[in-house]
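Read off the chains here:
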Amino acid sequence: FLPSGQTLKWHDDIPLIVIEHGLPVADSGDASTNAAIEKEMDALDLDLVRRSRYGRLVWAKQSHHNVPFEDPEVVIHATNDVLDEVTRQKTGTK
């Protein structure tokens, strides 16, 4: 993690899909703490998406944190979308 107040500055226009869990992952036993954790995770996901003009956020609606195991179709679809975008960029097609 970065020291408090520091942020990352990188940006690269690459195909990028961030997969966010759709079911809560935080379970501290305190509802307000859980909400704060989820809010911070959302902000981090959005920050990552914005680091590429090709960035996109996808929700794995049936998943907690283990998306590849709980909602593998989302991962497969996102991987295929990235491969399609790479192919489009390399061949100049739309």
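Owing to the predicted nature of the structure, the values given are computational and were not obtained by experimental measurement. (Residues numbered from 1 in each chain as written. Predicted model: local features only at pLDDT ≥ 70, side-chain atom pairs only at ≥ 80, totals over all residues. Heavy atoms only, no water.)

### Here we look at the overall build of the chain
Our working definition: We count a stretch as a helix when DSSP gives it H or I for four or more residues in a row; a strand needs E for two or more, and each element gets its number in order from the N terminus. What the globule rule says is 2.2 Å times the number of residues to the power 0.38, and the radius of gyration is computed from C-alpha atoms.
Assigned secondary structure in the chain consists of 3 helices and 2 strands. Order of helices (α) and strands (β) in the chain, N terminus to C terminus: β-α-β-α-α. Taken against the 2.2 N^0.38 rule, which gives 12 Å for 94 residues, the C-alpha radius of gyration of the chain at 16 Å runs more than 25% over that of a compact globule. With the C-alpha coordinates aligned to their principal axes, the bounding extent of the chain is approximately 50 × 35 × 15 Å.

### Description of the side chain of Glu38
Note the following rule: By the criterion applied in these results, polar contacts are pairs of N or O atoms within 3.5 Å in which, for protein atoms, one can donate a hydrogen and the other can accept it, and in which residues neighboring in sequence qualify only through two side-chain atoms. The contact criterion used throughout is that any non-hydrogen atoms of two residues lie within 4.5 Å.
Note that Glu38 resides in helix H1 (residues 31–49). Separated by 2.6 Å, the side chains of Glu38 and His21 make a polar contact. Side-chain polar atoms of Glu38 contact the backbone nitrogen of Val25, separated by 2.8 Å. Not counting chain neighbours up to four residues away, the residues in contact with Glu38 comprise His21, Pro24, Val25 and Ala26.

### Structural notes on helix H3 (residues 72–91)
What counts here: An expected span of 1.5 Å times one less than the residue number is assigned to each helix. Relative accessible area decides the class of each residue, using a 1.4 Å probe on protein chains only: under 20% of the type maximum gives buried, over 50% gives exposed, and in between gives partly exposed. Starting at the helix axis, one direction is taken to each C-beta atom, and the arc is that of these directions.
An ideal rise of 1.5 Å per residue puts 28 Å on 20 residues; H3 measures up with 29 Å between its terminal C-alpha atoms. Listing the buried residues of H3 in full gives Val74, Ala78, Asp81 and Glu85. Along the axis of H3, the buried residues cluster in a sector spanning 60 degrees; they form a single face. Exposed residues lying more than 90 degrees from the buried face of H3 are Glu73, Lys90 and Thr91. The inward-facing, buried residues of H3 abut strand S1 (16–21) and strand S2 (55–60).

### Details of H1
Taking 1.5 Å of rise per residue, the 19 residues of H1 would be expected to cover 27 Å, and the 27 Å separating its terminal C-alpha atoms lies within 8% of that figure. If you check which residues of H1 are buried, you get Asn34, Glu38, Asp45 and Val49. All buried residues of H1 lie within an arc of 50 degrees about the axis, which places them on one face of the element. Of the exposed residues in H1, the ones pointing more than 90 degrees away from its buried face are Ser32 and Lys39.

### Quick word on the pattern of salt bridges
Put simply, the rule is: The rule for a salt bridge is simple: a side-chain nitrogen of Lys or Arg has to be within 4 Å of a carboxyl oxygen of Asp or Glu.
Scanning all chains against the criterion turns up 4 salt bridges. With a closest N to O distance of 2.7 Å, Asp81 and Arg56 form a salt bridge. Remark: Arg56 occurs in strand S2 and Asp81 occurs in helix H3; sequence separation between them is 25 residues. The salt bridge partner of Arg88 is Glu85, with a shortest N-O separation of 3.1 Å.

### Here we look at the environment of His11
Tracing the chain through its elements places His11 in the segment before S1. For the pair His11 and Ser52, spaced 41 residues apart in sequence, the C-alpha to C-alpha distance is 6.0 Å. If sequence neighbours within four positions are ignored, His11 has contacts with Arg50, Arg51, Ser52 and Arg53. Here the side chain of His11 touches Arg51 through a polar contact of 3.3 Å, landing on its backbone oxygen.

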